[in-house]
Amino acid sequence: MDAAEILVFEAPLGSDLYRQALALRREILRRPLGLDISAEELLDDEARQHFCALLLGRVVGCVSLQPLGEALVQLKQMAVARERQRQGIGRRLLLHVESWAGQSGFRVMVLHARAGAEGFYAAHGYLAEGEPFEDHTIPHRRMVKALPESGGGR
């Protein structure tokens, strides 16, 4: 697979891309924990901007952004299809949403990295803050990164 074959698109709430991304989130983020996506999380989706990575027309990665203030945005629900992990898809999604957020006027991105994923985010400039905490039955770590100034506005 060539990274150029991966295309990243916004996935509007309720669209087919969104539904495919939701299925991927269930498969990668919830099912292994014996959980499902809650009604509260689905309601929370309405306040987020959703993005997905496509390969040959199929969603193979997804992530969403939720504004937390004028300049602060939170990255949530990053997932990559199991058979496509470690192929640059997560990196491609992360770079895309960082660029989108910066152009939209956000200055800082925060996220809650699952245990084991901190290295991925640290390699992309995120710094751990505070102590680990449990979310959805597993340890997480808050991480933060200042986004480059882009001159964009919201």
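Described below are features of the structure shown in this document. Bear in mind that the values here come from a model prediction, so they are computed numbers and not experimental data. Residue numbers restart at each chain and count upward from 1, following the sequence in its written direction. Confidence filtering applies because this is a predicted model: local features only for residues at pLDDT of at least 70, side-chain atom pairs given and counted only at 80 or more, and all residues used for totals across whole chains, interfaces and linings. Excluding hydrogens and water, the side-chain values take into account all heavy atoms of the structure.

### Here we look at the overall build of the chain
Helix and strand definitions here come from DSSP, where helices need a minimum of 4 consecutive H or I residues and strands a minimum of 2 consecutive E residues; each element is numbered from the N-terminal end. Along the chain, the regular secondary structure elements total four helices and seven strands. Starting at the N terminus and ending at the C terminus, the chain contains elements arranged as β-α-α-β-β-β-α-β-α-β-β. Its C-alpha atoms give the chain principal-axis dimensions of about 35 × 35 × 30 Å. For every residue, the accessible area (1.4 Å probe, protein chains only) is compared with the maximum for its type, and the residue is labelled buried under 20%, exposed over 50%, or partly exposed between those bounds. Looking at the chain as a whole, 40% of its 154 residues are labelled buried. Residue contacts are counted whenever heavy atoms from the two residues lie within 4.5 Å of one another. Residue pairs at least 24 apart in sequence account for 64% of intrachain contacts in the chain once pairs closer than 6 positions are excluded. For every accessible area listed, the method is Shrake-Rupley and the probe measures 1.4 Å; residues are considered covered only by the protein chains on display. Summed over all atoms, the accessible surface of the chain reaches about 8000 Å², with 53% contributed by carbon and sulfur. Positive and negative side-chain charges in the chain, numbering 19 and 20 respectively, have mean positions lying 3 Å apart. Charged residues are defined narrowly, with Lys and Arg counted positive, Asp and Glu counted negative, and His plus the chain ends left uncounted. All charge positions are set by atom: Lys at NZ, Arg at CZ, Asp at CG, Glu at CD.

### Structural notes on the side chain of Arg25
Relative to the elements of secondary structure, Arg25 occurs in helix 1 (residues 16–30). There is a polar contact of 3.1 Å between the side chain of Arg25 and the side chain of Gln77. Ignoring any residue separated from it by four or fewer positions in sequence, one finds Arg25 in contact with Tyr18, Arg30, Ile37, Asp45, Arg48, His50, Cys62, Gln77 and Ala79. Polar contact criterion, stated in full: a pair of N or O atoms within 3.5 Å, where within protein one must be able to donate a hydrogen and the other to accept it, and residues adjacent in sequence count only if both atoms are side-chain atoms.

### Focus on the packing of aromatic side chains
Pairs were defined over the aromatic rings of Phe, Tyr and Trp, the Trp ring being its six-membered one, requiring ring centres within 6.5 Å. Orientation was assigned from the angle between planes: stacked under 30 degrees, edge-to-face over 60, tilted for the rest. In this structure the tally under the stated criterion is three aromatic pairs. Between the aromatic rings of Phe51 and Trp100, the centroid separation amounts to 5.5 Å while the plane-to-plane angle is 70°, which identifies the pairing as edge-to-face. Of the two residues, Phe51 is situated in strand 2 (residues 49–55) and Trp100 in helix 3 (residues 89–103); the sequence distance between them amounts to 49 residues. For Trp100, a relative accessible area of 22% gives the class partly exposed. Aromatic side chains Tyr121 and Tyr126 sit 5.9 Å apart centroid to centroid with 80° between the ring planes, which places their arrangement in the edge-to-face category. Judged by its relative accessible area of 7%, Tyr121 falls in the buried class. An aromatic cluster is present here, built from Phe120, Tyr121 and Tyr126 joined pairwise through their rings.

### Focus: the nonpolar core
Nonpolar core, defined: a set of buried Ala, Val, Leu, Ile, Met, Phe, Trp, Tyr and Cys residues in which side-chain atoms within 4.5 Å join the residues together. Grouped together as the largest cluster of nonpolar side chains are 39 residues, with contacts concentrated most on Leu65, Leu75, Met109 and Tyr121. Mapped by element, the contributors of at least two residues to this core are helix 1, strand 2, strand 3 (58–67), strand 4 (72–80), helix 3 and strand 5 (108–114). Aside from chain neighbours lying at most four places away, what touches Leu65 is Ala47, Arg48, Gln49, Phe51, Val73, Gln74, Leu75, Val97, Trp100, Ala101 and Met109.

### Side note on the pairing of strand 2
In terms of residue burial, strand 2 counts as a mostly covered element, since six of its seven residues are buried. Across four bridges, the pairing between strand 1 (residues 7–10) and strand 2 is antiparallel. Among the inter-strand pairings, Glu10 is bridged to a residue of strand 2, identified as Phe51. Pairing geometry for strand 2 and strand 3, over seven bridges, is antiparallel. Within strand 3, the position partnered with Ala53 by the bridge is Gly61. Pairing between two strands is assigned when DSSP locates at least 2 bridges connecting them.

### Quick notes on the sheet that holds strand 2
The strand order across the open sheet formed by seven strands is 1-2-3-4-5-7-6, and the pairing between neighbours is mixed. Sheet topology places strand 1 and strand 6 (127–135) at the edges, where each strand pairs with a single neighbour. On average, each strand axis in the sheet is tilted by 25° relative to the strand beside it, whichever way the strands run. To get an axis, a line is fitted to the C-alpha atoms, and for a helix only the part in contact is used. The angle between two axes follows their N-to-C directions and goes from 0 to 180 degrees.

### What to know about the pairing of strand 3
Most of strand 3 is tucked away: eight of the ten residues are buried. Counted between consecutive antiparallel strands, the loop separating strand 2 from strand 3 contains two residues, among which Leu56 sits at a positive phi close to 50°. As paired elements, strand 3 and strand 4 share six bridges and run antiparallel to each other. The residue bridging Pro67 from the neighbouring strand is Val73, located in strand 4. Following strand 3, the chain reverses through four residues before pairing antiparallel with strand 4.

Just distances and angles here, no functional claims.
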